[in-house]
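An overview of the molecular structure
What follows is each chain in one-letter form.
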Amino acid sequence: MDDAEMYDSLMRQVLEKYRQKIASDHQRIFRDPYTLNPKIFFQPTFLEAFRAKGKNLETSIRSIMSEPVPGVYTFNMLNLNFCEKLIHEVKHFEAWARNTDSSILRPNTGNEDGVSLDDIGMKATLDKLMEDYISLISRVLFPDVGGGSLDSRHGYVLQYGKDKAIEEVSDLHVDDSEVTLHVCLGNQFAGGELVFGGQRCKDHVNGGTHIEKEFGYLLPVGGQAIIHRGCRRYGAKPIKFGHRYNFLMWFKSSVFRELQAHDKGFKDFCDECQSQKIARRNEWVAAKKRELGM
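So, how was this worked out
- Residues numbered from 1 in each chain as written.
- Predicted model: local features only at pLDDT ≥ 70, side-chain atom pairs only at ≥ 80, totals over all residues.
- Heavy atoms only, no water.
- 1 Å grid on protein atoms, 1.4 Å probe; cavity = no way out; pocket = protein on both sides within 12 Å on 5 of 7 lines; lining within 4 Å.
- Points joined across faces, edges and corners; volume = space filled by probe spheres on them.
- Helix = DSSP H or I, 4+ residues; strand = E, 2+ residues; numbered from the N terminus.
- Nonpolar A, V, L, I, M, F, W, Y, C, P; charged D, E, K, R; others polar.
- Salt bridge = Lys/Arg side-chain N within 4 Å of Asp/Glu carboxyl O.
- Buried < 20%, exposed > 50% of the residue type's maximum accessible area, 1.4 Å probe, protein only.

1. Things to note about empty space enclosed by the protein
Enumeration over the complete set of coordinates arrives at 2 cavities of 30 Å³ or more. What the largest cavity holds in volume is close to 50 Å³. Contributing to the lining of the largest cavity are Phe41, Phe42, Met77, Leu78, Phe82, Leu86, Met122, Thr125, Leu126, Leu129 and Phe247. Of all the secondary structure elements, the ones that give two or more residues to the lining of the largest cavity are helix H5 (80–99) and helix H6 (123–141). Looking at which element gives the most residues to the lining of the largest cavity, the answer is H6, with 3 residues. Residues that form the lining of the largest cavity fall into these classes: 10 nonpolar, 1 polar and no charged.

See the structure below:
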């Protein structure tokens, strides 16, 4: 076993003990978040879209979508009453952790707060959400990045305040996902618009010469979902007052990742790849013109 495998094994053991402690010592306050009941979870328009069958399903899914920024879609998704319960459940868990001097394993290295929903017992809920709903949406909207073969996910709730926002364009980031879902859980805040830039493949995540001149801005609305490719650069502008709770999910496709590992060409979904492709083509045309004395 090499060092990386040893590290992964130790982290799995730590995570298993952490979740066992939560399951044995932490008392939940609501039942709803832990079993996906569509009538409790979702808004009627969202549920209605998934009653369609066969070829009509794609048309039905597209009918509830808006595309305010190219490649970024919004739709009404979660019931606001359920959103409030999820916020209270997360706050209750954080209070339990403080009162028992228990450390919280944060959802990712980029955030100093937030709660992973798998850790508090919502695994079955998130699995069903991916399998029965988001996989179908992603198959329609994002087939070019593995949207039709999603097979893993990571879900968490993150709180945004005045100290958790981007300062400038360079603070935009991409997610380690093929598809990212955001759902704003409440409206007790002002500001906090999401800022969207271009798209990047894994080779151009942290660099490139392509200049993004235009950015899309979206104001989060309670119960409304925003879904986009994980390779889309984005961030959040400062909160003016209050706090915004956001439910996020990252979805991955192992099949797509395996294919990308062996694909060394320009990626159609990557703005930097396309910029380099155009530049290389222009260089070739210029060289041919010089050869021909044009």
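Having put the structure on the table, let's press on.
2. Section: the pattern of salt bridges
Taken as a whole and judged by the stated rule, the model has 13 salt bridges. Residues Arg257 and Asp176 are paired through a salt bridge, measuring 3.0 Å at the closest nitrogen-oxygen approach. Of this pair, Arg257 sits in helix H7 (residues 254–261) while Asp176 is found in the loop between strand S4 (152–160) and strand S5 (179–184), placing the two residues 81 residues apart along the sequence. On the basis of relative accessible area, Asp176 is assigned to the partly exposed category, the value being 40%. Note that Arg257 and Glu178 form a salt bridge whose closest N and O atoms lie 3.0 Å from each other. With Arg257 in helix H7 and Glu178 in the loop between S4 and S5, this residue pair connects regions lying 79 residues apart in the sequence. By relative accessible area, Arg257 is classed as partly exposed at 31%. The class for Glu178 is buried, based on a relative accessible area of 6%. Through salt bridges with shared partners, a single network forms among Asp118, Lys123, Asp127 and Arg153.

3. Looking at the layout of surface pockets
Put simply, the second largest pocket is a space of about 570 Å³. In terms of lining, the second largest pocket is formed by 17 residues, of which the most central are Met11, Leu15, Arg106, Pro107 and His154. For the lining of the second largest pocket, the secondary structure elements donating two or more residues are helix H1 (3–25), H6 and S4. Of all the elements, H1 adds the most residues to the lining of the second largest pocket, at 5 residues.

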